[in-house]
Amino acid sequence: MSDTSQPQVGRRRFLTSAAAVAAAATVPGVAGLAAAGKAGAATRPNILLIITDDQPKHTDWATQKTVDWLGGQGVTFSHGHVTTPLCAPSRSSIFSGRYAHNHGVRNNASAYSLDQNTTVQRHLKQAGYRTGLFGKYLNSWNVADNPPHFEEWAIEVPVVYNDGQYNVNGTVQTIPGYSTTVIKGQTLAFLDKAATDSRPWFAVVTPKASHEPNTPEDKYADTAVPAWNGRPSVPEDDRSDKPVYVQNAAKTLADGQAARERQLRTLLSVDDAVQAFRDKLRALQQLDNTLVIYIGDNGFQWADHGLLGKGTPYSPAHEVPFYLSWPAAGLAAGTTDNRIVANIDIAPTILDAAGINPTTPQDGKSLLSQFNRDHLLVEWWKQGTAGVKHTWASYVAKDKQYVEHYHLHTDKNGTVSGAGDVTFREYYDLVDDKYQLTNKLYQATPADEQDLSIPALAAQLAADRSS
């Protein structure tokens, strides 16, 4: 990234009035927090981190209680992203505040590559927080292995919606019932202990929704979902300007509609759980001094460009719902923050709020600071020998996106070396072409590339990938 300074931790800066936001009009939302002053919260905040699975943007219909609470009385990040659109790499970035090329979890099979010393839970537990994890942890993590730096946990084998197998505080057992309901109950029990345990707490709640097979709770199995007739990128019949795997994609509008319907129905139960957490915090009189962060671990394409799922450089795959609330900090109700923010910013934000200086490196920035990046690195590695998607990396800004696809060099042992040879490039004007229909680098001339500042974008992307 072009902004490589370490996050400013140990300071908490809070919004004091609407005038503070107006004064920081170029950096709206949370960044309008007062640049100095005494913390608004008398004690370190509790922290509730909710991470959904494969939840794309534009799913508000299914999460109205969540939106009303965290959006209506907190902050909505309008440009929320993940830096690798895949479950385990993204979750590792959330926990560590680092890009996947730095934390090492580049696919769903490498959960044990994460240096647990770098995680936010390690820092918080060491600082005296009571820590809990409930739901999915990292893909390929053996359910019998206890998650490091959590005092209590109930982690489940992914992805099972009914009668799943859980490791509950070291004991592997089958718990009957719908997974979101089980996870909700485990979390509420953890929160209840705050009535007798005065320590601040950190709870990570990770329901399976809305990951495939998108099995809804029985009571929502037949719930009518609002009609959706696609968007211009669904299915985009002419994809001759895109990589071969996209040209060969064959998913239809009907496929996208069916996936959307299943996902929304599973998210209704998540919304119920979030409401239960809010009610519990209110009953415990801890609602005001609890920092709540909600994010999807990656987005999902509903047949955009003929593709279902994630793992591509296109916006629906890496744009996610992203909310933050912390009433005791004086956050303005219903604020929209227009900065480019990402999953790598969550760990720095939490540590900043708790007044903890991290002892390990982070690529993200505290959302409570005045940072305002002009672009974000989004990256992906080809998954396995039979994968159809190439390794790629992308420069993502509000007004444009530049993508490079690579052929990586491997030795006889399969070890990758070097940054790879560029095999295909894409450039999209996100102002006039937000659905990414026209790749301006397809059949572009050298003069066209100069007009689009491609040499400079390529140089910045190379720097981002190596930083």
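Every value quoted in this text rests on a predicted model; they were computed, and no experiment measured them.

Enquirer: How should I be thinking about the side chain of Asn 289 in this particular structure?
Expert: Within the secondary structure layout, Asn 289 lies in the loop between α8 (253–283) and β8 (290–296). With relative accessibility at 16%, the residue Asn 289 sits in the buried group. There is a polar contact of 3.4 Å between the side chain of Asn 289 and the backbone oxygen of Arg 44.

Enquirer: Is there a simple way to explain the nonpolar core in this structure?
Expert: Nonpolar side chains tend toward joint burial in soluble globular proteins. If you look at the biggest cluster of nonpolar residues, it comprises 45 residues, and the most contacted ones within it are Leu 49, Leu 124, Phe 202 and Ile 350. In terms of residue count, the dominant contributor to this core is helix α10 (residues 346–354) (6 residues). The residues contacting Ile 350, other than those within four sequence positions of it, are Ile 47, Leu 49, Val 120, Leu 124, Phe 202, Leu 291 and Ile 293. Residues Leu 48, Trp 69, Val 168 and Ile 183 belong to the second largest nonpolar core, which totals 38 residues.

Enquirer: I would appreciate a short explanation of the packing of aromatic side chains in the present structure.
Expert: For any two aromatic rings, the description comes down to two numbers: the centre-to-centre distance and the angle of the planes. Using the criterion set out here, one finds 10 aromatic pairs in the structure. For the pair Tyr 314 and Tyr 428, a centre-to-centre distance of 6.3 Å together with 75° between the ring planes defines the contact as edge-to-face. Placement of Tyr 314 in the loop between β10 (307–309) and α9 (315–318) and of Tyr 428 in strand β16 (residues 416–429) is noted, with a sequence separation of 114 residues between them. Like Tyr 314, the residue Tyr 428 is buried in the burial classification. One residue, Arg 260, lies across the ring of Trp 302, its end atom 5.9 Å from the ring centre. One residue, Arg 465, lies across the ring of Tyr 406, its end atom 3.9 Å from the ring centre.

Conventions and cut-offs
- Residues numbered from 1 in each chain as written.
- Predicted model: local features only at pLDDT ≥ 70, side-chain atom pairs only at ≥ 80, totals over all residues.
- Heavy atoms only, no water.
- Helix = DSSP H or I, 4+ residues; strand = E, 2+ residues; numbered from the N terminus.
- Buried < 20%, exposed > 50% of the residue type's maximum accessible area, 1.4 Å probe, protein only.
- Polar contact = N/O pair within 3.5 Å; in protein donor to acceptor, adjacent residues only side chain to side chain.
- Core = buried A, V, L, I, M, F, W, Y, C linked by side-chain atoms within 4.5 Å.
- Contact = heavy atoms within 4.5 Å.
- Phe/Tyr/Trp six-rings, centres within 6.5 Å; stacked < 30°, edge-to-face > 60°.
- Lys NZ or Arg CZ within 6 Å of the ring centre and 35° of its normal.

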